[in-house]
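What follows is the residue order along each chain.
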Amino acid sequence: MSAKTAHAQPTLEWDTPLYQQASMQLEHALELAEVPELTSTRLRYPERALILSLPVRLDDGSYTSFPAYRVQHSSVLGPTKGGIRYDEAVDLGECAALAMWMTWKCALLRLPYGGAKGGVRCNPRALSQNELARITRRFTAELAPFIGPQLDIPAPDMATNEQTMAWMMDTYSMQKGYAVPEIVTGKPISIGGSVFRHEATGAGVVMVIERACMRLHWNLAAQRCVVQGFGNVGGIAATELHSKGASVVAVSDISGGVYAPGGLDIPTLHAYVAANGSLEGYATGVERITNEELLELECDILALAAREDQVTGANAANLRCRLVAEGANGPTSVEADHILADRGIPVLPDILTNAGGVTVSYFEWVQDLGRLFWDRDEIRRRLADKMSDAFDRVWNVSQERGISLRDAALVAAIREVSGALEARGVYP
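In this report, we go over the structure that sits alongside the text. This structure is a prediction, so every number in the text was calculated from the model and none was measured.

### Here's the deal with the packing of helix α7 (residues 197-216) against helix α13 (residues 356-370)
With their axes 7 Å apart at the nearest point, α7 and α13 run at an angle of 145° to one another. Considering only the axes of α7 and α13, their crossing is right-handed. The segment α7 lies against α13, with Arg197, Ala200 and Thr201 engaging Gly356, Gly357, Val360, Ser361 and Glu364. Here the contact of α7 with α13 is composed, by residue class, of two nonpolar, four polar and two charged.

Here it is in structure tokens:
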């Protein structure tokens, strides 16, 4: 065996296709951001990555172990912040990529946070509420040494919700011996949650779309919109677009999509989902379509609010929209980005477009720390101010440098982190 082979660098544990996508975006942005070597060296990899095994008793009395993860990308600007997801595809690479994107998102919105992400590999639809509670409490107990209001603050994500955060808050508080509402965000209002947190991500998506329409000299009320995803983000975004007069012609969820060229009755769809659990079976005045068909419908605005890797090199050339808005994290691949750019279709990037959730999570954390709470109108106004300021900075960098909105958002975010890193240096 040669010395070169013996000392070959092993593949990093988080080096998955999604992490490679996040890394490629970073490397390209670093070339444009003109930041010191210290910044690029420090931000390429997460500060901490945890792999956990959660032994949990199921309802039938048997035990099983669930793999779980938490990745903290950067604490340069403050405690790390990011969601917890329950999904069969959760792995370390996914968490590492999403944590990196969260760092850029927080920096871009000028929040005093770095990025984190975590999750449990499980099928939440196959588990009872009691089983989910036991998984959540065990996960929180295992994470306790690594999370805290000034260290790392979890939040809801895919297949987790207010109840999940309530279990996490209670478990952490029981270990501390007193209530610590500021340990998580996205929790019920009764235990320190914030009004408007549930709607924040979807509402923020539409705030960015509206701002983009102003810059493009479009009338939002005259646009035909397609929304992939009809959950917490997509469902709220569809409602906001509908309320502003836009025509939402198609939406979809895990069961497939519905399409009506004249526009959908969004409140009726929400009522159906509330009663039946999904869009499956809804057929009144609509055409049933697949998620793949939905992406290629002719429209003005395509909002991607489902999950990562939806628009790829295989289908980007088939999109028939004029603007893409990323309500999900990482829904557009690097190859698709290039294809859309060549076609002249602007992409409102995820680290800007879906930042409403973490922004109102920040408001919730601040309110919990001060034990002083704001009303819905004040929070919505503060969110609109934050989203508008971030959008304008991204748009201006894009115009000045002649680069895409995604590159502009990354450049602006990296420069924010770089400024703090240069001031702090590296200890020791």
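### Points about the pairing of strand β1 (residues 48-57)
Bridge analysis of β1 against strand β2 (residues 63-72) gives ten bridges, and the strand direction is antiparallel. Bridged to Arg57 within β2 is Tyr63. Linking two consecutive strands that pair antiparallel, namely β1 and β2, is a turn of five residues; a positive phi of about 95° is found at Gly61 within it.

### Side note on the packing of helix α5 (residues 129-143) against helix α6 (residues 162-176)
At their nearest, the axes of α5 and α6 sit 9 Å apart, and the two run at 45° to each other. The orientation of α5 relative to α6 falls into the category oblique. In the crossing of α5 with α6, the sense of the turn from one axis to the other is right-handed. Contacts from Gln129, Leu132, Ala133, Thr136, Arg137, Thr140 and Ala141 of α5 reach α6 at Gln163, Thr164, Trp167, Met168, Asp170, Thr171, Tyr172 and Gln175. Within the contact of α5 with α6, the residues separate by chemical class into six nonpolar, seven polar and two charged.

### Section: the pattern of salt bridges
Pairs can form between side chains of opposite charge whenever their charged atoms are close. This model, assessed by the stated rule, comprises 30 salt bridges. Arg322 is paired through a salt bridge with Asp300; the nearest N and O atoms lie 3.1 Å apart. On the criterion of sequence distance, the pair formed by Arg322 in the loop between β10 (301-304) and β11 (323-326) and Asp300 in the loop between α10 (291-295) and β10 is long-range, its members being 22 residues apart. A residue is classified by how much of its surface remains accessible, and Arg322, at 36% relative accessible area, is partly exposed. A relative accessible area of 15% means that Asp300 is categorised as buried.

### A look at the nonpolar core
Within the largest apolar cluster, 98 residues are counted, with the highest numbers of intra-cluster contacts made by Trp104, Leu108, Val251, Leu269 and Leu348. Apart from the residues lying within four places of it in its own chain, the contact partners of Leu269 are Phe230, Val251, Val258, Leu264, Leu279 and Tyr282. In this structure, Leu58, Tyr86, Phe139 and Met165 belong to the second largest nonpolar core, which totals 26 residues.

### Here's the deal with the pairing of β2
When β2 meets strand β4 (residues 114-121), the two strands line up antiparallel, connected through five bridges. Counted as the bridge partner of Tyr69 is Gly119 from β4.

### Concerning the side chain of Lys105
On the secondary structure map, Lys105 appears in helix α4 (residues 92-108). Of the buried charged residues, Lys105 lacks a salt bridge, with Asp350 as the closest side chain of opposite charge at 6.7 Å. Residues in contact with Lys105, not counting those within four places in the same chain, are Asn329, Asp350, Ile351, Asn354, Ala355 and Val358.

### Concerning the environment of Leu12
Of note, Leu12 is situated in the loop between α1 (3-6) and α2 (17-33). Along the backbone, Leu12 and Tyr45 are 33 residues apart, and their C-alpha atoms lie at a distance of 9.8 Å.

### Some thoughts on the sheet that holds strand β5 (residues 152-156)
The strand order across the open sheet formed by five strands is β1-β2-β4-β3-β5, and the pairing between neighbours is mixed. Only two strands of the sheet have a single partner each, and these edge strands are β1 and β5. The sheet shows a mean angle of 25° between the axes of neighbouring strands, taken without regard to direction. Lying over the sheet, α5 contacts β1, β2, β3 (80-87) and β4, oriented at roughly 140° with respect to β1.

### Brief notes about the packing of aromatic side chains
Within this structure, the stated rule accounts for eight aromatic pairs. With a centroid separation of 5.1 Å and 75° between ring planes, the pair formed by Tyr272 and Tyr282 is classed as edge-to-face. On the criterion of sequence distance, the pair formed by Tyr272 in helix α9 (residues 266-276) and Tyr282 in the loop between α9 and β9 (287-289) is long-range, its members being ten residues apart. A ring pair is formed by Tyr362 and Phe363, whose centres lie 5.9 Å apart and whose planes are at 50°; its orientation type is tilted. The exposure class assigned to Phe363 is buried, which follows from its relative accessible area of 3%. Its end group placed over the ring of Trp218, Arg322 keeps NZ or CZ at 3.9 Å from the ring centre. The ring of Trp374 carries Arg382 above its face, with NZ or CZ at 4.0 Å from the centroid.

Rules behind the numbers
- Just so you know, the residues in each chain are numbered from 1, in the order the chain's sequence is written.
- Local features in a predicted model are, by the rule used here, given only for residues with pLDDT of at least 70; side-chain atom pairs are given and counted only at 80 or more, and totals for whole chains, interfaces and linings are based on all residues.
- Calculated side-chain values reflect all of the structure's heavy atoms, with hydrogen atoms and water omitted.
- Here an axis means a line fitted to C-alpha atoms, over the contact stretch when the element is a helix, while the angle between two N-to-C directions is reported on a 0 to 180 degree scale.
- Runs of H or I in DSSP of at least four residues are treated as helices and runs of E of at least two as strands, each being numbered from the N terminus.
- Crossings are assigned a handedness: left-handed for a near helix turned anticlockwise from the far helix by less than a right angle, right-handed for a clockwise turn.
- Residues are treated as being in contact if the distance between any of their heavy atoms lies within 4.5 Å.
- Residue polarity is assigned by list, with Asp, Glu, Lys and Arg as charged and Ala, Val, Leu, Ile, Met, Phe, Trp, Tyr, Cys and Pro as nonpolar; anything else, Gly included, falls into the polar class.
- The pairing criterion is simple: DSSP has to find at least two bridges between the two strands.
- An angle below 35 degrees is read as roughly parallel, one above 145 as roughly antiparallel, one from 65 to 115 as roughly perpendicular, and any other as oblique.
- We count a salt bridge whenever a side-chain nitrogen from Lys or Arg sits within 4 Å of a carboxyl oxygen from Asp or Glu.
- Buried residues are those whose accessible area, probed at 1.4 Å on protein chains only, stays under 20% of the maximum for their type, while exposed residues exceed 50% and partly exposed ones sit between those limits.
- The set of buried Ala, Val, Leu, Ile, Met, Phe, Trp, Tyr and Cys residues whose side-chain atoms join them within 4.5 Å is what this entry labels a nonpolar core.
- Counted as positive: Lys and Arg. Counted as negative: Asp and Glu. His and the chain ends are not counted at all.
- Two aromatic rings from Phe, Tyr or Trp, using only the six-membered ring of Trp, form a pair when their centres are within 6.5 Å; if the ring planes differ by under 30 degrees the pair is stacked, by over 60 it is edge-to-face, and anything between is tilted.
- Here, over-ring charges are defined by two tests on the NZ atom of lysine or the CZ atom of arginine: distance to the ring centre within 6 Å, and angle to the ring normal within 35 degrees.

Fair warning: the whole summary comes from geometry, so function is off the table for now.
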